[in-house]
Amino acid sequence: MAVASIRKTAISTSRWKGKPPFILGGLLLLSSLASAQTTKPAKKLIEYGWDAPDTSYMRTHIATMEQTPFDGCVFHVNYARADGTTGQFVWECWSRRAFMEADLRAAIDDLKATHFKKFTSNFLRFNTAPGDVDWFDDFGPIISNARLAAKIAREGKAAGVLFDIEHYNFPLFDYRKQRDAGSKSWEQYATQARQRGREVMQAFQEGYPDLTILMTWATSLPYIQTQGDPAKLKEVDYGLLAPFLDGMLESATGKTRIIDGYESSYAYKDMENFVNARQLMKEKVLAMTNLDEKHRQHVSAGFGVWMDYNWREFGWNVSDFSRNFFTPEAFEKTMRAAWETADEYVWVYTEDPRWWAGEGKPAKVPPEYDQALRRATAR
């Protein structure tokens, strides 16, 4: 999800500064979307924000949650610490600690006891946090945690895992910030990151064969940061993400899918932006990989839209919508464009408004925005 440095990327790339528009290709792509519609999976709308629920909340409030426009949400699992406090697996899974299934048994039981009907596209959140393990260190605990997360998602009737690669703690994918960058070359780190990608994907698939992995960004992010030049990967914040994802693709089998959630679309308002972004995810990013066929087989183009975009600057007004970055009308237009352009998944991100608040009901979500979302994604 968004932090300051990431927002700058999203804002600048939404305007494609210094990049020629892909208008002609975009128009051709749009025309092909309609003809291929019958072969595409049904579209799905996901909620993912600061209000991401835990399993206990879902178990208690699933009936109310399923009255919203969504087909599912991103959720997290808790565990009980020895001192009696509650810990969150999502913030400790990319670490030196290997969690046991018994640690997360309560969350597993919650999911198994939850009567999902409409909500069949949920994703268990898995962060690269705290991220304090060097690529050349023992990855055994991380691999074990990835396998466990996927297993819980499968047993909990979820669609898969939300793999959030954002630098919340340590700049994991920035070669310049790695522990041994002074003594190990970019090529050495890239090779190691690629191997770790293979291992993480293998673990995900062992826990959940043919799972869906929804990512906040995939290869689109290093592509944007390097302007499509692989030689610049060692100079950007998320350069190591490219070889890591190549490793994941090398290990991808069967029906396993990676959804590029394309967080850069948070502020988009025009169809042209979405069409160009789709072309980037489906075609342009192939300049960053030699796995073209694997990419076409396993990677899907999705979009994220931030409903209360940059609310610290614009505010989030529940009565005077003209003060918000997205009015209900603008939000509906944006969501419709995202919905029509995505392969399958579109997700709504929020911070100030909460879809999952007390008693399972939304808070600071005016009905006008709810209705706009329903109209835009009408099945």
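Residues numbered from 1 in each chain as written. Predicted model: local features only at pLDDT ≥ 70, side-chain atom pairs only at ≥ 80, totals over all residues. Heavy atoms only, no water.

Novice: Account for the overall build of the chain, naming residues and giving values.
Specialist: When helices and strands are tallied, the chain shows 13 helices and 11 strands. In the chain, once contacts between residues fewer than 6 apart in sequence are set aside, the share between residues at least 24 apart is 82%. When the accessible surface of the chain is summed, it comes to about 14,800 Å², and 52% of that surface belongs to carbon and sulfur atoms. (Helix = DSSP H or I, 4+ residues; strand = E, 2+ residues; numbered from the N terminus. Contact = heavy atoms within 4.5 Å. Areas by Shrake-Rupley, 256 points an atom, 1.4 Å probe, with all protein chains shown as cover.)

Novice: Report on the pattern of salt bridges, specifying residues and quantitative values.
Specialist: This model, assessed by the stated rule, comprises 36 salt bridges. Salt-bridge contacts for Glu250 lead to Arg194; the nearest nitrogen and oxygen are separated by 2.8 Å. Of this pair, Glu250 sits in helix H8 (residues 241–251) while Arg194 sits in helix H6 (residues 186–207), and the two are 56 residues apart along the sequence. Note on Glu250: relative accessible area 29%, which makes it partly exposed. Each of Arg96, Asp132, Asp134, Asp137, Arg179, Asp180 and Lys184 takes part in one network of salt bridges that share partners. (Salt bridge = Lys/Arg side-chain N within 4 Å of Asp/Glu carboxyl O. Buried < 20%, exposed > 50% of the residue type's maximum accessible area, 1.4 Å probe, protein only.)

Novice: If you had to explain the sheet that holds strand E9 (residues 299–301) to someone new, which residues and values would you point to?
Specialist: Spatially, E9-E8-E7-E6-E5-E2-E1-E11-E10 is the arrangement adopted by the 9 strands of the open sheet, whose pairing is parallel. The open sheet has two edge strands, E9 and strand E10 (303–306), and neither has a second partner. In this sheet, neighbouring strand axes are inclined to one another by 30° on average, regardless of whether the strands run parallel or antiparallel. Pairing geometry for strand E2 (residues 72–75) and strand E5 (residues 123–127), over 2 bridges, is parallel. Note on E5: the bridge partner recorded for Phe75 is Leu124. Taken strand by strand, helix H9 (residues 271–282) contacts strand E8 (257–260), E9 and E10, and its axis lies near 140° from that of E10. (Pairing = 2+ DSSP bridges. Axes fitted to C-alpha atoms, helices over the stretch in contact; angles between N-to-C directions.)

Novice: Give me the packing of H6 against H8: which residues, what numbers.
Specialist: At their nearest, the axes of H6 and H8 sit 6 Å apart, and the two run at 40° to each other. By the angle between their axes, H6 is oblique relative to H8. Classified by chirality, the crossing of H8 by H6 is right-handed. In this structure, H6 contributes Trp186, Ala190, Ala193, Arg194, Arg196, Gly197, Arg198, Val200, Met201, Gln202, Phe204 and Gln205 to the contact, and H8 contributes Pro243, Phe244, Asp246, Gly247, Met248, Glu250 and Ser251. (Parallel < 35°, antiparallel > 145°, perpendicular 65-115°, else oblique. Left-handed = near helix turned anticlockwise from the far one by under 90°.)

Novice: Hey, could you go over unusual backbone geometry for me, with residue numbers and the actual values?
Specialist: Look at the link from Ala129 to Pro130: it is a cis peptide, with omega at 0°. As for its position among the elements, Pro130 is in the loop between E5 and helix H5 (140–155). We note that Lys157 has phi near 65°; this positive angle belongs to a residue other than glycine. Structurally, Lys157 can be placed in the loop between H5 and strand E6 (160–164). On the accessibility criterion, Lys157 (41% relative accessible area) is partly exposed.

Novice: Pulling in residues and values, what's your account of the packing of aromatic side chains?
Specialist: Taken as a whole and assessed by the stated rule, the structure comprises 42 aromatic pairs. The interplanar angle of 65° and the centroid separation of 5.8 Å between the aromatic rings of Phe173 and Phe244 together place this pair among those described as edge-to-face. With Phe173 in the loop between E6 and H6 and Phe244 in helix H8, the pair connects residues that are 71 residues apart, well separated along the chain. A residue is classified by how much of its surface remains accessible, and Phe173, at 0% relative accessible area, is buried. The side chain of Lys44 reaches across the aromatic face of Tyr345, ending 5.6 Å from its centre. Taking NZ or CZ as reference, Arg97 lies 4.1 Å from the ring centre of Phe99, over its face. (Phe/Tyr/Trp six-rings, centres within 6.5 Å; stacked < 30°, edge-to-face > 60°. Lys NZ or Arg CZ within 6 Å of the ring centre and 35° of its normal.)

Novice: Hey, could you go over the environment of Ile143 for me, with residue numbers and the actual values?
Specialist: When you line up the elements, Ile143 lands in helix H5. When its relative accessible area of 12% is taken as the criterion, Ile143 is described as buried. Along the primary structure Ile143 and Met201 are separated by 58 residues, whereas in three dimensions their C-alpha atoms are 8.9 Å apart. If near-sequence neighbours (up to four positions away) are discounted, Ile143 is found in contact with Glu199, Val200 and Ala203.

Novice: Quick rundown of the packing of H9 against helix H12 (residues 328–341)? Include the residues and the values.
Specialist: Put simply, H9 and H12 touch, their axes get as near as 9 Å, and they point 30° apart. Taken as axis vectors, H9 and H12 run roughly parallel relative to one another. Crossing handedness for the pair H9 and H12: right-handed. Residues Met271, Phe274, Val275 and Arg278 of H9 lie in contact with H12, whose contacting residues are Thr334, Ala337, Ala338, Glu340 and Thr341. Partitioned by chemical class, the residues of the contact of H9 with H12 number 5 nonpolar, 2 polar and 2 charged. (Nonpolar A, V, L, I, M, F, W, Y, C, P; charged D, E, K, R; others polar.)

Novice: Describe the nonpolar core, with residues and values.
Specialist: One finds Trp94, Phe126, Trp135, Phe163, Phe204, Phe244 and Phe331 to be the most contacted residues of the largest nonpolar core, which totals 117 residues. Ignoring any residue separated from it by four or fewer positions in sequence, one finds Phe244 in contact with Trp94, Trp135, Phe163, Phe173, Ala193, Arg194, Arg196, Gly197 and Val200. (Core = buried A, V, L, I, M, F, W, Y, C linked by side-chain atoms within 4.5 Å.)

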